[in-house]
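The primary structure of each chain is shown beneath.
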Amino acid sequence: MTMPIDTHLITRRSIAEQIEELGQFRIAIFRDWPYLYDGNMPYERDYLSRYARCESSFVLVGRDAHGIRYACTAIPLKHELPQFQQSFLERQIPVDNKFYLGEIMVRRELRGQGMGRLLMNKALSTIAELNHPSAEVVLATVIRPSTHPLKPADYNASDHLWTKSGFARRDDLVMTLDWKDIDQERETTKEMVYWLRK
Ligand SMILES: CC(C)(COP(=O)(O)OP(=O)(O)OC[C@H]1O[C@@H](n2cnc3c(N)ncnc32)[C@H](O)[C@@H]1OP(=O)(O)O)[C@@H](O)C(=O)NCCC(=O)NCCS
């Protein structure tokens, strides 16, 4: 597909100004399988404020008349919380050269048309352009049991997008994050497996 992707690169101050809209978008997107995130804005403000505080982080956003169409967040791994870095450090894998793709999100009705791929390419080229040409890009995806009752029968994992974009899954690099699932009373701990791209 050759169509261009229309994104705005936003950094620090602009991220701070758009936290409410980005947070609402994240909550809407990650409510679905496999994240099942019953989101709340206090968590979103805390999470996104790390991007707003960091000079090297960025967000790519595309909008239309209905709001955000797609977005992608990225931050040097060393500026994420210690728990994001822990499994690397435990294995003596350096984090200083790693850039963490926090999330890549396309509005539901626009999926399957190549947007995710274009957004990924744009994020990778932006990381290189922003003076991190040798950065190793990493991302993490949630691990869920295949027997989970909320798993849609027709669900296809986005793993294909990661492998096509040059990422390899690292089952030895796992972090844990807590959030409340839409079908739970309180927060539970999830395992997130890392994918690395050289
Ligand atoms: C993951 C996501 C960004 C992909 O966006 P998208 O616009 O649908 O992706 P694309 O149309 O560019 O597809 C990229 C590739 O993955 C494949 N693909 C996309 N969705 C797929 C699916 N459900 N099943 C199988 N393959 C799929 C496409 O065929 C394409 O491969 P190709 O280049 O060989 O044709 C989108 O599904 C999304 O926003 N999901 C919710 C948020 C999320 O889970 N993000 C990832 C973790 S942060």
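Let me begin by describing the structure that accompanies this report. Note that this is a predicted model, so its numbers are computed, not measured.

### Topic: the environment of tyrosine 35
Relative to the helices and strands, tyrosine 35 is located in the loop between α2 (19-29) and α3 (41-53). C-alpha separation for the pair tyrosine 35 and glutamate 103, spaced 68 residues apart in sequence, amounts to 12 Å. With residues near it in sequence (within four places) discarded, tyrosine 35 still touches Phe30 and Val142.

### Quick notes on the nonpolar core
Counting 39 residues, the largest nonpolar core has Val59, Ala71, Ala74 and Leu119 as the members making the most contacts within it. Where this core is concerned, the elements lending two or more residues are α2, α3, β2 (58-64), β3 (67-76), β4 (98-106), α5 (115-129), β5 (136-142) and β7 (188-197). In this structure, valine 59 is in contact with Ile10, Ile15, Leu22, Tyr51, Ala71, Cys72 and Thr73, ignoring residues within four places of it in sequence.

### Concerning the site of the ligand
Around the ligand, the structure places 18 residues, and the nearest of them are Arg111, Met115, Gly116, Arg117 and Asn156. Contributions of two or more residues to the shell around the ligand are made by β4, α5 and α6 (159-164). Considering each element in turn, the shell around the ligand owes the most residues, four residues, to β4.

### What about unusual backbone geometry?
The peptide bond linking tryptophan 33 to proline 34 adopts the cis configuration, its omega dihedral lying at 5 degrees. Its identity is not glycine, yet leucine 36 carries a phi of approximately 55 degrees, on the positive side. With respect to the helices and strands, the residue leucine 36 is situated in the loop between α2 and α3. Its identity is not glycine, yet glutamine 92 carries a phi of approximately 55 degrees, on the positive side. Along the chain, glutamine 92 turns up in the loop between α4 (82-90) and β4.

### Description of the pairing of β2
As paired elements, strand β1 (residues 8-10) and β2 share three bridges and run antiparallel to each other. Looking at the pairing, leucine 9 lines up with leucine 60 of β2. From the end of β2 to the start of β3, which pair antiparallel, there are two residues.

### Details of the sheet that holds β1
An order of β1-β2-β3-β4-β5-β7-β6 is seen for the seven strands of this open sheet, with the pairing classed as mixed. Taken across any chain shown, the strands that pair with only one partner, and hence form the sheet edges, are β1 and β6 (168-179). For this sheet the average axis-to-axis angle between neighbouring strands, irrespective of direction, equals 30 degrees. Where β2 and β3 come together, seven bridges link them in antiparallel fashion.

### Structural notes on the pairing of β3
Within β3, eight of the 10 residues are buried, which leaves the element mostly enclosed by the surrounding structure. Of the strand pairs in this sheet, β3 and β4 are connected by seven bridges, and their pairing is antiparallel. Along β4, the bridge assignment pairs alanine 74 with leucine 101.

### Some thoughts on the environment of asparagine 40
Within the secondary structure, asparagine 40 sits in the loop between α2 and α3. In sequence terms asparagine 40 and glutamine 24 are 16 residues apart; their C-alpha atoms lie 8.5 Å from each other.

Calculation rules
- Residues numbered from 1 in each chain as written.
- Predicted model: local features only at pLDDT ≥ 70, side-chain atom pairs only at ≥ 80, totals over all residues.
- Helix = DSSP H or I, 4+ residues; strand = E, 2+ residues; numbered from the N terminus.
- Contact = placed C-beta atoms within 7 Å.
- Core = buried A, V, L, I, M, F, W, Y, C linked by C-beta atoms within 7 Å.
- Buried ≥ 20, exposed ≤ 12 C-beta atoms within 10 Å, placed from the backbone.
- Near = placed C-beta within 6 Å.
- Pairing = 2+ DSSP bridges.
- Axes fitted to C-alpha atoms, helices over the stretch in contact; angles between N-to-C directions.

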